[in-house]
Amino acid sequence: MKSRNFELAKNLRHELHRHPELSNEEVWTKQYLLDFLKTHTSNFEIVDKGNWFYAVYRAGKNKPNIAFRADFDALPMDEVIDLPWASEFEGKAHKCGHDGHSATLAAFALEIDQNGADKNIFCLFQPAEETGDGAIQCVDFITDNKIDEIFAYHNMSGLPYKAVGIMDGTMLCASKGMTIRMEGTPAHASQPEDGINPSLAIANIVKKIPEFIVPEKHKGLVLCTVVQIDVGEKAFGLAASKGVIRMTLRALYEEELDRLQEALENFAISQSEEHGLKVSFEYNDEFPETINHKESADKIRFLAKEKGIDVVELEEAFRGSEDFGHFTKLTKGAYCFIGNGEDYPNVHTHEYDFRDELIESGVELFKGLAEL
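Residues numbered from 1 in each chain as written. Predicted model: local features only at pLDDT ≥ 70, side-chain atom pairs only at ≥ 80, totals over all residues. Heavy atoms only, no water.

J.: I'd love a proper account of the packing of aromatic side chains, names of residues and values included.
T.: Counting across every chain of the model gives 19 aromatic pairs. Summarising the aromatic geometry, the rings of F324 and Y335 are spaced 5.4 Å apart at their centres and angled 45 degrees between planes, so their arrangement reads as tilted. Placement of the pair is F324 in the loop between β15 (311–313) and α9 (325–328) and Y335 in strand β16 (residues 332–341), with a sequence separation of 11 residues. With a relative accessible area of 1%, Y335 lands in the buried category. (Phe/Tyr/Trp six-rings, centres within 6.5 Å; stacked < 30°, edge-to-face > 60°. Helix = DSSP H or I, 4+ residues; strand = E, 2+ residues; numbered from the N terminus. Buried < 20%, exposed > 50% of the residue type's maximum accessible area, 1.4 Å probe, protein only.)

As structure tokens, this is what we get:
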């Protein structure tokens with residue numbers, strides 16, 4: 001990677017870090033990235049799609065169409081560490097490294113622009129990965145452009161510095177947030193028998209969860225994590241009449257996630273009927289399983305070894321989720337990790353900041369994939 005391109009990308013990353021925007025609010029971020037590419041490239045066509053955009057280098061009509069994706073949303077967290085490029089906005093910070101992912105993809109575009117390519121190279125800049133509804137906005141990109149293969153990476157603490165983590169098949173779990181609302185009728189706390197209280201029904205749901213996630217009943221990991229229970233009001237003269245339970249459902253395979261959801265819905269409905277309650281369901285932050293196609297994952301392995309990069313064969317899928325899986329449902333592709341270091345602070349923690357040197361690692365990996 002050219003030193004000038006690295007410096008431009010590093011400065012770009014720092015500016016993105018100073019101006020974090022949350023999922024589906026990335027107006028400044030998107031425009032800044034778009035303007036950066038317009039300023040520093042001359043052979044890329046920019047296609048603005050509203051919340052997101054892509055840049056394409058065209059080598060010819062009969063050439064393969066290869067895509068590379070970066071996300072650019074931040075997290076609802078405060079910046080508490082002292083950085084020269086610290087977030088300028090309270091309650092918003094790039095604590096997952098999406099600023100670095102976007103800077104990497106932009107730097108890769110500079111290298112392609114200056115060196116050329118024998119394939120049609122598409123650089124997709126995507127919003128809202130953190131909430132799981134970014135990639136789904138962009139799926140037509142795959143079909144409209146007849147993308148033959150797509151790649152992406154995420155920085156990852158716990159892996160050796162600059163090592164590439166990869167596996168075939170499911171790389172990251174499917175997940176979704178599930179909310180169950182139950183409503184009865186109010187009563188004075190001294191006469192609870194005059195009302196309908198949802199507390200017991202909600203408690204029964206919580207007690208039932210271990211039965212739904214018994215490992216022996218599933219072919220892969222299945223989890224149901226209670227994240228919030230809220231029943232009644234802080235009013236000691238009033239019996240509870242409304243309640244809500246929020247859970248994160250997670251599974252290695254989407255089909256088992258769907259079965260877990262169905263089981264919870266059916267049990268909640270049976271509890272509502274037994275106790276005379278109204279019940280409703282809501283879903284948020286829905287992520288597909290992210291599957292690596294072996295052919296694409298093998299290309300990452302080959303390129304990493306060719307460039308002297310350590311390859312870590314992951315033994316099991318990462319429990320976290322990533323909406324990149326929407327793309328690999330439609331075309332070949334693979335997603336990998338690049339290590340921050342085994343003792344580096346984890347993403348989504350206050351102590352974390354993206355390591356600028358990973359920009360070079362990501363660019364070299366992408367360049368190699370573009371040349372295969």
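J.: Just give me the short version of the pattern of salt bridges, but keep the residues and values in it.
T.: Within the structure shown, the criterion is met by 29 salt bridges. In this structure, E45 engages R58 in a salt bridge whose closest nitrogen and oxygen atoms are separated by 3.0 Å. On the criterion of sequence distance, the pair formed by E45 in strand β1 (residues 45–48) and R58 in the loop between β2 (53–57) and β3 (65–71) is long-range, its members being 13 residues apart. Here E45 falls in the partly exposed class, since its relative accessible area comes to 37%. Accessibility expressed as a relative area gives 47% for R58, which makes it partly exposed. Three or more residues are tied together by salt bridges with common partners; here these are D168, K294, D298, R301 and E313. (Salt bridge = Lys/Arg side-chain N within 4 Å of Asp/Glu carboxyl O.)

J.: So what about the nonpolar core? Which residues, and what values?
T.: Ranked by size, the top nonpolar core spans 53 residues in total, and within it F68, F108, I121, F125 and I300 carry the most contacts. Broken down by element, this core gets its largest block of residues, eight residues, from helix α3 (residues 98–115). Apart from residues lying up to four places away in sequence, F68 is in contact with L105, F108, I121, F122, C123, L124, I150, F151, F366, L369 and A370. One finds F122, I142, M167 and Y335 within the second-largest nonpolar core, a separate group that totals 23 residues. (Core = buried A, V, L, I, M, F, W, Y, C linked by side-chain atoms within 4.5 Å. Contact = heavy atoms within 4.5 Å.)

J.: Explain the sheet that holds strand β13 (residues 278–287) to me, and be specific about the residues and the numbers.
T.: Here four strands make up an open sheet; going across it, the order is β10-β12-β8-β13 and the pairing antiparallel. Unpaired on one side and paired on the other, β10 (222–231) and β13 mark the two borders of the sheet. Each strand of the sheet is rotated relative to its neighbour by a mean of 15 degrees, with strand direction disregarded. Both β10 and strand β12 (residues 242–251) contribute to a ladder of nine bridges, which runs antiparallel. By the bridge assignment for β12, D230 is matched with V244. (Pairing = 2+ DSSP bridges. Axes fitted to C-alpha atoms, helices over the stretch in contact; angles between N-to-C directions.)

J.: Which residues make up the sheet that holds β3, and what values do they have?
T.: Spatially, eight strands are ordered β1-β2-β4-β3-β5-β16-β6-β15 in an open sheet, and the strand pairing comes out mixed. At either margin of the open sheet sits one strand with a lone partner, and together these are β1 and β15. Direction aside, the axes of adjacent strands within the sheet are offset by 25 degrees on average. Relative to strand β5 (residues 149–157), β3 runs parallel, the two being bridged by three bridges. Pairing of A67 across the sheet is with I150, part of β5.

J.: Pulling in residues and values, what's your account of the packing of helix α1 (residues 3–18) against α3?
T.: It is at 9 Å that the axes of α1 and α3 come closest, and there the two elements cross at 150 degrees. The angle between the axes of α1 and α3 places the two elements in the roughly antiparallel class. In the crossing of α1 with α3, the sense of the turn from one axis to the other is right-handed. Contacts between α1 and α3 involve N5, L8, A9, L12, R13, L16 and H17 from the first element and D99, G100, S102, A103, A106, A107, L110, E111 and Q114 from the second. Within the contact of α1 with α3, the residues separate by chemical class into eight nonpolar, five polar and three charged. (Parallel < 35°, antiparallel > 145°, perpendicular 65-115°, else oblique. Left-handed = near helix turned anticlockwise from the far one by under 90°. Nonpolar A, V, L, I, M, F, W, Y, C, P; charged D, E, K, R; others polar.)

J.: Summarise the side chain of N292; cite the residues concerned and give the values.
T.: Of note, N292 is situated in strand β14 (residues 290–292). Accessibility expressed as a relative area gives 3% for N292, which makes it buried. One polar contact links the side chain of N292 to the main-chain carbonyl oxygen of M167, over a distance of 2.9 Å. Setting aside chain neighbours within four positions, we find N292 in contact with I166, M167, D168, G169, M171, A297, G333, A334 and Y335. (Polar contact = N/O pair within 3.5 Å; in protein donor to acceptor, adjacent residues only side chain to side chain.)

J.: Residue-level account of helix α7 (residues 254–275), with values.
T.: Taking 1.5 Å as the rise per residue, α7 with 22 residues should run 32 Å; its terminal C-alpha atoms sit 31 Å apart, in good agreement. Within the sequence span of α7, burial applies to E256, L257, L260, Q261, L264, F267, A268, Q271 and S272. Projected onto a plane normal to the axis of α7, the buried residues spread over an arc of 150 degrees and lie on a single side. Of the residues in α7, the exposed ones pointing more than 90 degrees away from the buried face are E273 and E274. On its buried face, α7 is in contact with β8 (174–183), α6 (199–212), β10, β12 and β13. Remark: G276 follows α7 within two positions and exhibits a positive phi of approximately 75 degrees. (Expected span 1.5 Å × (residues − 1). Arc of directions from axis to C-beta.)

J.: Break down the environment of E315 for me, with residues and values.
T.: The residue E315 is located in the loop between β15 and α9 in this model. Exposure remark for E315: the relative accessible area of 81% places this residue in the exposed category. Taking the C-alpha atoms as reference, E315 lies 10.0 Å from M171; in sequence the two are 144 residues apart.

J.: Just give me the short version of the pairing of β1, but keep the residues and values in it.
T.: Pairing of β1 with β2, which is carried by four bridges, proceeds in the antiparallel orientation. Paired with V47 across the two strands is Y54, which belongs to β2. Between β1 and β2, which pair antiparallel one after the other, the connecting turn spans four residues, and G50 there sits at a positive phi close to 95 degrees.

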